[in-house]
Amino acid sequence: MEADHADEIGKCEAGGDTGPQPEPGAASSAAAALEHQQPWREQLTVRGLVAAALIGSVYSVIVMKLNLTTGFVPTMNVSAALLAFLALRGWTGALARLAARSPSAGAAARPFTRQENTVVQTCAVACYSLALCGTCQNLPAGRLPALAWPVARVVTRELVVGVRAGFGSSMLGLNRRTYEAAGVSTPGNVPGSVKEPGVGWITGFLVASSFGGLLTLIPLRKALVIDYKLTYPSGTATAVLINGFHSPQGDKNAEKQVRAFLKYFGISFLWSFFQWFYTGGSACGFAQFPTFGLQAWKQSFFFDFSMTYVGSGMICPHLVNLATLLGAILSWGILWPLISKRKGDWYPADVPESSMSSLYGYKSILCIALIMGDGLYHFVKVLGVTAKSLHEQSKLKRSNNRASRNVADLDNAAAIDDLRRDEVFSRDSIPARLAYAGYALMSVVAVVTIPVMFRQVRWYYVVAAYALAPVLGFSNAYGAGLTDINMGYSYGKVALFVLAAWAGRDDGVVAGLVGCGLVKELVLISADLMHDFKTAHLTMTSPRSMLAAQAAGTAMGCVVTPLTFLLFYRAFDVGDPDGYWKAPYALIYRNMALLGVQGFAALPRHCLPLSVGFFALAVLANAARDVLPPRYGRCVPLPTAMAVPFLVGASFAIDMVVGTVVVFAWHRIDGDEAALLVPAVASGLICGDGIWTFPSSLLSLAKIKPPICMKFTAGS
């Protein structure tokens with residue numbers, strides 16, 4: 001059942017069904033055996049770190065935009081690996097041509113290896129991962145990106161899913177606007193529970209919460225990757241992708257992908273630039289085009305010409321896109337119009353629409369119910385799978401089952417490759433004492449600094465988080481290795497409710513939100529590092545260089561991410577529930593903390609029974625996916641994908657369905673070409689639209705407004 005589930009989610013990066021998938025080691029065996037193995041210090045290069053910083057900065061802008069609009073972020077690992085390959089292959093190719101023209105110039109470049117490619121991709125992803133927002137937390141994670149390519153996502157790590165620190169969720173939930181939107185008279189929503197974003201404290205919090213997770217499971221890396229032979233599908237898929245790049249066929253495919261990426265990057269950027277001229281007012285421009293009429297437009301059913309979400313729809317599987325559309329129809333097409341007719345009966349008519357006592361209370365709580373039901377199911381499931389696997393491993397060791405150890409002898413070439421990978425992975429060992437000392441140092445830093453930043457967070461809350469992190473991190477990393485589902489977000493939510501209730505009415509909101517971000521970061525990053533170690537194992541990259549790349553990328557993210565966030569925060573109207581920059585999960589996470597403080601007393605009428613029903617719906621949907629035969633189970637909608645439109649509207653779901661239609665038609669017309677080019681085209685659309693956000697934010701800060709407002713009104 002786990003294999004079926006992984007196969008279904010593995011289609012996210014390619015946008016649909018693909019042809020036969022290669023074995024993970026097939027693309028790497030022969031080439032790896034012939035390739036000169038570099039010392040670990042040579043795998044870390046200046047050009048690689050520069051490329052990683054540029055790629056990480058670009059993707060920080062892109063994912064921050066996604067965080068602060070819908071919170072729906074597809075995994076970017078595949079396109080990051082592609083850009084890393086393109087950047088350094090282009091650099092080495094340019095130097096080679098220069099050296100050929102003038103040999104005396106001394107411009108010859110050192111070879112670009114798969115190990116350097118792996119290090120650059122890891123460093124770049126570590127940088128922009130700090131900008132991810134934890135919103136789509138329980139969609140199936142690691143979507144086997146490379147296996148769905150013509151090795152040739154998630155998602156997130158799930159559909160992804162980030163924050164880590166909560167720029168679109170727990171951290172933004174501390175600002176004044178979110179405090180006011182939750183209702184200043186709401187019990188527990190006290191005036192002191194506000195902290196406006198600032199570069200200083202955000203950077204300090206990222207440093208205090210991020211680096212500890214890198215060191216949590218270092219002593220167990222060999223056991224998880226080699227002894228237990230966990231698959232870590234996302235790490236395996238990334239390795240297959242990189243190994244495929246560094247093959248003769250990979251060069252030809254990469255050239256085609258480069259042209260497709262650059263072409264659609266330019267189209268997307270120019271289209272976004274063109275649209276900007278028509279947005280000189282409120283609700284103006286192509287993004288408000290009433291595709292299905294004005295009545296449907298009022299309920300957010302329209303195509304808003306967002307290339308970002310069209311590209312996201314091309315990356316994600318058809319099931320995810322159709323589930324978001326189903327959630328949009330269920331909420332904005334049925335539930336909200338019906339509940340709004342009960343205004344004055346089910347909820348007061350004189351309260352602001354953003355209050356939890358109004359229609360927004362239903363939107364928020366029902367969305368939370370779907371996400372929590374989905375998360376709890378996967379949490380219990382992964383714990384069960386982990387416990388079962390550990391028990392079987394223990395029995396295997398006790399029985400000294402030699403037969404299982406001789407399976408590899410059936411294929412001598414594969415066995416030799418495995419032994420060589422194990423040797424390389426074990427050779428550059430990372431001293432356990434260094435990991436223990438570093439973790440102790442980072443815990444002391446966090447215990448001292450976090451209570452200074454947030455007076456509501458007691459020092460013993462931080463001690464408890466750091467004491468439990470290794471245990472929770474091992475459980476999460478082991479489960480992620482089996483199922484590719486990273487449950488760090490669920491641990492974060494548990495910490496949010498526990499700390500909010502523990503701290504009490506006056507301090508509970510801040511303690512819950514900060515504790516959520518801290519626990520989530522510690523647990524998430526340790527599992528992500530194991531994915532990277534699996535990639536290192538299969539590409540024969542030194543674990544030391546991978547750890548150094550992760551640390552360098554995290555340090556870059558601690559600087560780049562706060563600056564990117566504050567650029568958006570100051571340039572745009574972030575947090576406006578009726579605007580483009582809704583940042584919906586900031587209010588959701590604050591409301592979760594308020595529920596932890598005060599319980600369900602403040603909810604509007606019939607909200608609790610409805611939320612119980614939607615919680616049960618999420619659990620039943622997941623159970624059906626696991627119990628039914630695969631041909632039927634894979635058609636059951638994903639609850640978290642359904643939940644996202646409940647708050648942010650239906651328009652982005654329509655964009656994503658347009659993307660899935662494009663991919664479906666492309667596969668029908670030319671499946672081989674689609675398998676090769678869909679990821680590159682989708683990445684180009686996402687990057688072009690995302691990069692336009694940077695100049696548009698600078699124009700906004702400079703008070704330069706678009707010259708035209710294009711609006712649509714009824715003919716009468």
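What counts and what doesn't
Residues numbered from 1 in each chain as written. Predicted model: local features only at pLDDT ≥ 70, side-chain atom pairs only at ≥ 80, totals over all residues. Heavy atoms only, no water. Helix = DSSP H or I, 4+ residues; strand = E, 2+ residues; numbered from the N terminus. Expected span 1.5 Å × (residues − 1). Buried < 20%, exposed > 50% of the residue type's maximum accessible area, 1.4 Å probe, protein only. Contact = heavy atoms within 4.5 Å. Phe/Tyr/Trp six-rings, centres within 6.5 Å; stacked < 30°, edge-to-face > 60°. Lys NZ or Arg CZ within 6 Å of the ring centre and 35° of its normal. Axes fitted to C-alpha atoms, helices over the stretch in contact; angles between N-to-C directions. Parallel < 35°, antiparallel > 145°, perpendicular 65-115°, else oblique. Left-handed = near helix turned anticlockwise from the far one by under 90°. Nonpolar A, V, L, I, M, F, W, Y, C, P; charged D, E, K, R; others polar. Disulfide = S-S within 2.5 Å.

### Side note on the environment of Leu 685
For step 1, the next point in the chain: Note on placement: Leu 685 falls in helix 28 (residues 671-701).
For step 2, the next point in the chain: Leu 685 sits 376 residues away from Tyr 309 along the chain, and the two C-alpha atoms are 8.7 Å apart.

### Focus: helix 4 (residues 46-69)
For step 1, the next point in the chain: Given a rise of 1.5 Å per residue, 24 residues ought to cover 34 Å, and the 35 Å separating the end C-alpha atoms of helix 4 matches this to within 8%.
For step 2, the next point in the chain: Across the 24 residues that make up helix 4, a large majority, 17, are buried.
For step 3, the next point in the chain: Immediately beyond the C-terminal end of helix 4, within one or two residues, lies Gly 71, with a positive phi of roughly 80 degrees.

### Some words on the environment of Gly 48
For step 1, the next point in the chain: The topology assignment puts Gly 48 in helix 4.
For step 2, the next point in the chain: Residue classification places Gly 48 among the buried positions, given a relative accessible area of 4%.
For step 3, the next point in the chain: Considering only alpha carbons, one finds Gly 48 and Asn 117, 69 residues apart in sequence, at a separation of 8.0 Å.
For step 4, the next point in the chain: Ignoring any residue separated from it by four or fewer positions in sequence, one finds Gly 48 in contact with Leu 88, Glu 116 and Val 120.

### A short note on the packing of aromatic side chains
For step 1, the next point in the chain: Tallied over the entire structure, the rule returns 39 aromatic pairs.
For step 2, the next point in the chain: Aromatic rings pair up to connect Trp 271, Phe 274, Tyr 278, Phe 286, Phe 289, Phe 303, Phe 305 and Phe 712 into one cluster.
For step 3, the next point in the chain: Note that Lys 195 overlies the ring of Phe 454, its terminal NZ or CZ placed 5.7 Å from the centroid.
For step 4, the next point in the chain: One cation-aromatic arrangement involves Arg 221 over Phe 425; the distance from NZ or CZ to the ring centre is 4.9 Å.

### Quick look at helix 23 (residues 584-598)
For step 1, the next point in the chain: For helix 23, built from 15 residues, the straight-helix expectation of 21 Å at 1.5 Å per residue is met to within 8% by its first-to-last C-alpha distance of 21 Å.
For step 2, the next point in the chain: Within helix 23, 15 of the 15 residues are buried, which leaves the element mostly enclosed by the surrounding structure.
For step 3, the next point in the chain: Of the residues one or two after helix 23, Gly 599 is the one with positive phi, at around 80 degrees.

### Thoughts on the packing of helix 15 (residues 318-340) against helix 26 (residues 639-648)
For step 1, the next point in the chain: Orientation of helix 15 relative to helix 26, taken along the N-to-C sense of each, is 45 degrees, at an axis distance of 7 Å. Viewed along their axes, helix 15 and helix 26 adopt a mutual orientation that is oblique. The hand of the helix 15/helix 26 crossing is right-handed. Seen from helix 15, the contacting residues are Val 320, Ala 323, Thr 324, Leu 326, Gly 327, Ala 328, Leu 330, Ser 331, Trp 332, Leu 335 and Trp 336; seen from helix 26, they are Ala 641, Met 642, Pro 645, Phe 646 and Leu 647.
For step 2, the next point in the chain: Classifying every residue of the contact of helix 15 with helix 26 by side-chain character gives 13 nonpolar, three polar and no charged.

### Some details on the state of the cysteines
For step 1, the next point in the chain: Applying the stated criterion to the full structure yields one disulfide.
For step 2, the next point in the chain: In this model, Cys 284 is linked to Cys 709 through a disulfide, with the two sulfur atoms separated by 1.8 Å. As the torsion about the S-S bond is roughly -55 degrees, the Cys 284-Cys 709 disulfide counts as left-handed. On the criterion of sequence distance, the pair formed by Cys 284 in the loop between helix 12 (248-276) and helix 13 (294-298) and Cys 709 in the segment after helix 28 is long-range, its members being 425 residues apart.
For step 3, the next point in the chain: For Cys 284, a relative accessible area of 6% puts it in the buried group.
For step 4, the next point in the chain: Residue Cys 709 is classed as partly exposed on the basis of its relative accessible area of 36%.

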